[in-house]
Amino acid sequence: MSLSLAFAAILLAAAAAGWLGFARARQLRATTRLHSLPIYHGSYAALWAAIPAMLILAAWAPVQSRLVDQAVLSSPEGRALPVFDMQRQAILSEAREIAHGEREQGFNPQSTTIAPRIRSEEQRFALIGGGAGLLAALAGAALALRRTGPQFRARAGVERWLMIVLFAASLIAILTTLGILLSLMFESLRFFRLYPLPSFLFGTEWSPQTALRADQAGSSGAFGSLPLMWGTFFIGAIIAMVVAVPLGLMSAIYLTQYAPPRLRSWLKPILEILAGVPTVVYGYFAALTVAPVVRDFGLSIGIGSASSESALAAGLVMGIMIIPFISSMADDSIAAVPQSMRDGSLALGATTSETIRSVLLPAALPGVMGGILLAVSRAIGETMIVVMAAGLAANLTANPFASVTTVTVQIVQLLTGDQEFDSAKTLAAFALGLTLFLITLLLNLIALHIVRRYREQYE
Amino acid sequence: MRKRVRRRYASERWFRGLGLAAVGLSVLFLAFLIYSMASRGLGGFVHHEARLPIDFARSDLFLDPATLHGPDAAQIVAGADLEGAISKAAAAAYGPRAATLFSDAAVAKLSNAIVAQPDMLSGATDIWLPVASNVDIAAKDRGDPVAERLVDALAQRHALRQTFNRQFLTGSDSTDSAGAGVWGALKGTFFTILVTILLAFPVGVLAAVYLEEFAPRNRWTDAIEVSINNLAAVPSIIFGLLGLAVFLNVMNFPRSAPLVGGMTLALMTMPVIVIAGRNAIKTVPPSIRDAALGVGASKMQVTFHHVLPLALPGILTGTIIGTARALGETAPLLMIGMRAFVAAPPGGITAPATVLPVQIFLWSDEVDRGFVEKTSAAIIVLLLFMLVMNGLAIYLRNRFERRW
């Protein structure tokens, strides 16, 4: 018996319990008055049958896979496997696929011999877990069905269950945040045990290539993140913002203050399309179309070091991507300025542009600033554009035609190679991820705070 | 005085012009982006085929038509040296340099044709087969001189034609750009997004209902609110790291599977749905709740029988927009290993798969020039999907949203 079979059996048991409860309550209704509708009696029984059993199954599934691995490894066939962890994992996963019938034969002969063992162990443990789940389902159904009766408040019972489900759904957001924080921190701590925190934060050399032999040059690997931070900041917060802030702000001003309604109803969706283009498309555009133009321009004005993976190309395209975002944030904060202030300025004889520049913009400034901060946080977390258009060389340079690298590029680089999970390289990716998460979190909190404070002022 | 007024009006016109220029520039960027993808990518939907006169009776193929009627036919054909036969036949028909006229895509097409019609093996036939990518490039635009000469020779003998590239829509990833297609990636995308919607939609809607209708105002709810608002702004690659650390390393889910990709994207999409859902629920007027409570409905009945159905169009709009974002997402899926080379369409949510944006990323890294137009063509497919989804969201918003 596999767990999916147990899952189906529990669903079936729940449906049967629901139908039994419904039928019994309907029979009772023929002779007496019920507190709750028959459908609630049925749902009550079905919920009691399904939810506790499903919880047991969900908790069991990850435990089972560990237990199976342990049992297989301690069996005589399992002890014959190579001790080296990566190789063993590869054979195990191959054997798992054979056991599940996803492939006929393994690349490694050992996986074929161990597959039947996996199958039998899985069946044994699934019988335990699935049996426990099914027992829970039957017990729940029996308990619930015994209570069916004219006095029983089945609706209240169902609503209590629903309330629990609703609360659990809202908890997932917190669990996700906690999961992000804990998993990043856990792996980062392991990294900082291998590599000291101060040299990670303030080191200026980034060369994660660890050599295979200890006597090779550069075998230690340097993880000074300063050049990455600079590259991220340079592309996301300087170049992209130089493009996006003026264009986004002026677009918002034009759309809200000048554009005739018909034109606006056309232009706004077009800007929204710009925001909806997947980042991988922007990345391809940056790498294939923008980068060569930028490099040729750099060479033509006499910058010999102009690279085809320049910071400028990635930053420009990222700026274009951010335009709609800034535009809509600025739109919101300009719309939040009270009409009376605008009317007052116009009534004093100021032209529209003078009103915008000396009344609307200063009043909307905190909101606009908050929007820009949010845009920066989005730009520095953006991955695909920089992965495809920015380089890998960790340079501390302010030359926009040179190649710089960013935090997100390095995370992708460190994690997409084939290597074991515990090496300093993969752990460094989590440390970078933690840094990125904390920076964006800080930016978001400040921005949301500014925006909220500013909204309250005018309400 | 008049001079000053004139100056002020001039600056007014300037300012207005600047605004228009800013919007115009953004629109131009979009137009240029679409133009550059279309001009490169439309070629990916067509390809060139060349006529190959092949005499099976005289080739060295040891294939007996009589054995090719069972379910093993495809395997038997695959065992024969079709590649060599094609290469010899092409060299015989068009000269020695045509030996590399056809690539793997042609072998695949020929073997399918043989399986469908084993009787063709007994005689000589003419069959149109897709040419190798360097010849295809030479025929469409400009390629290397050898391929150019080959194209000229073929064209003179009317042995070259341009047809719709069905392989692109029905094939999977391939090392041979002539045979590469997006079907495998589309199927992977479908499974991934299915998992995402199945997880994120119910959880998001229920969380929105709880926060808007039932949650007491206390520190706990504040914490939930703050974390939802924050999750909506967390970089997508962080979700990928979470998926890698929790789903793959702790829970031992299969790598590269749509199941894990869908779960990771669901965590990313859920806050978007919660925020949209809360806004939609907020717009349902309190009078509806009061009326339902007044005739004796319980709080739960009010919510699920009245408030939620009225808020549904708004929630669906938010869901579609969130899903469209997840559809275009690449970085988190790279983290959980969905960048593997997968040459067959996935059969389920636990089979190794890739998705369309990742496929685009992988193809953009290929050295073979034939992949350039394939990448752009795949981008056109992706953009069409986004357009359809966003159009659907706008339609829903305009058609069903009620102003109270």
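Residues numbered from 1 in each chain as written. Chains lettered and ligands numbered in written order. Predicted model: local features only at pLDDT ≥ 70, side-chain atom pairs only at ≥ 80, totals over all residues.

A. Region of interest: the overall build of chain B. Within chain B one finds 16 helices and 3 strands. Relative to the compact-globule value of 22 Å for 404 residues, chain B shows a C-alpha radius of gyration of 29 Å, a clear excess of over 25%. Taken along the three principal axes of its C-alpha coordinates, chain B extends 90 × 75 × 40 Å. Each of the 404 residues in chain B was classed as buried or not, and the buried ones make up 47%. (Helix = DSSP H or I, 4+ residues; strand = E, 2+ residues; numbered from the N terminus. Rg over C-alpha atoms; globule rule 2.2 N^0.38 Å. Buried ≥ 20, exposed ≤ 12 C-beta atoms within 10 Å, placed from the backbone.)

B. Just the overall build of chain A, in detail. Helices and strands together make up the secondary structure of chain A, namely 16 helices and 2 strands. Its C-alpha radius of gyration of 31 Å places chain A more than 25% over the 23 Å reference for a compact globule of 459 residues. Considered along the principal axes of its C-alpha atoms, chain A spans approximately 80 × 75 × 40 Å. Sequence separation of 24 or more characterises 73% of the internal contacts of chain A that already satisfy a separation of 6 or more. (Contact = placed C-beta atoms within 7 Å.)

C. Structural detail: the domain arrangement of chain A. All names here are of chain A. What the domain assignment reports for chain A is domain 1 (3-192) and domain 2 (222-457). For domain 1 versus domain 2, the distance between C-alpha centres works out to 44 Å. The partner domain 2 presents 9 residues to the 10 residues of domain 1 that form the contact. Counting residues per element, the side of domain 1 that touches domain 2 draws most heavily on helix H6 (residues 154-194), at 8 residues. Tallied by class, the residues present in the side of domain 1 that touches domain 2 amount to 6 nonpolar, 1 polar and 3 charged. (Domains from an automatic or database assignment. Nonpolar A, V, L, I, M, F, W, Y, C, P; charged D, E, K, R; others polar.)

D. Spatial organisation of the nonpolar core. Ala286, Ala314, Val317, Ile326, Ile385 and Ala389 of chain A are the most contacted members of the largest nonpolar core, which totals 184 residues. The contact partners of Ile326 of chain A, leaving out residues within four places of it in the chain, are Ala244, Val245, Gly248, Leu249, Gly371, Ile372 and Ala375 of chain A. Counting 33 residues, the second-largest nonpolar core is a separate cluster that includes Ala85, Ala98, Ala139 and Leu160 of chain B. (Core = buried A, V, L, I, M, F, W, Y, C linked by C-beta atoms within 7 Å.)

E. Quick peek at unusual backbone geometry. Residue and element names in this part refer to chain B. Notably, Ser256 is not glycine yet its phi reads approximately 60°, a positive angle. Along the chain, Ser256 turns up in the loop between helix H10 (236-250) and helix H11 (258-283). For Ser256, a count of 21 C-beta atoms within 10 Å gives the class buried.

F. Spotlight on the domain arrangement of chain B. Residue and element names in this part refer to chain B. On domain assignment, one finds that chain B holds domain 1 (43-164) and domain 2 (183-400). Here the C-alpha centroids of domain 1 and domain 2 sit 44 Å apart. Of the residues lining the interface, 6 residues belong to domain 1; the matching set on domain 2 comes to 7 residues. Here the side of domain 1 that touches domain 2 is composed, by residue class, of 2 nonpolar, 3 polar and 1 charged.

G. Highlighting the interface of chain B and chain A. Between chain B and chain A, the contact holds 69 residues from the first and 67 residues from the second. Sort the elements by how many residues they give to the side of chain B that touches chain A and helix H1 (residues 2-41) of chain B lands first, with 18 residues.

H. Local environment of helix H15 (residues 356-364) of chain B. The buried count for H15 of chain B comes to 9 of 9 residues, which makes it a mostly enclosed element. Where H15 of chain B is buried, its residues meet helix H10 (279-300) and helix H14 (384-389) of chain A together with helix H8 (183-214), helix H14 (331-335) and helix H16 (370-400) of chain B.

I. Spotlight on the sheet that holds strand S3 (residues 160-164) of chain B. All names here are of chain B. Read from one edge to the other, the open sheet built from 3 strands follows the order S2-S1-S3, with strand pairing classed as antiparallel. Of all strands in the sheet, those bounded by a partner on one side alone are strand S2 (124-130) and S3. On average, adjacent strands in this sheet sit at an angle of 35° to one another, irrespective of strand direction. (Pairing = 2+ DSSP bridges. Axes fitted to C-alpha atoms, helices over the stretch in contact; angles between N-to-C directions.)

J. Main features of the environment of Ala394 of chain A. Residues and elements named next belong to chain A. Summarising the element assignment, Ala394 is placed in the loop between H14 and helix H15 (407-415). Residue class for Ala394 comes out buried when judged on the 24 C-beta atoms lying within 10 Å of it. Between the C-alpha atoms of Ala394 and Ala136, which are 258 residues apart in sequence, the distance is 57 Å. Aside from chain neighbours lying at most four places away, what touches Ala394 is Trp206, Pro227, Leu228 and Thr405.

K. Geometry of the packing of helix H12 (residues 286-294) of chain B against helix H13 (residues 299-327) of chain B. Residues and elements named next belong to chain B. With their axes 10 Å apart at the nearest point, H12 and H13 run at an angle of 155° to one another. Overall, the two elements H12 and H13 adopt an arrangement that is roughly antiparallel. Considering only the axes of H12 and H13, their crossing is right-handed. Taken together, the residues of H13 that come into contact with H12 (itself represented by Ile288, Arg289, Ala292 and Leu293) are Val302, His306, Val307 and Leu310. Taken together, the residues of the contact of H12 with H13 break down into 6 nonpolar, 1 polar and 1 charged. (Parallel < 35°, antiparallel > 145°, perpendicular 65-115°, else oblique. Left-handed = near helix turned anticlockwise from the far one by under 90°.)

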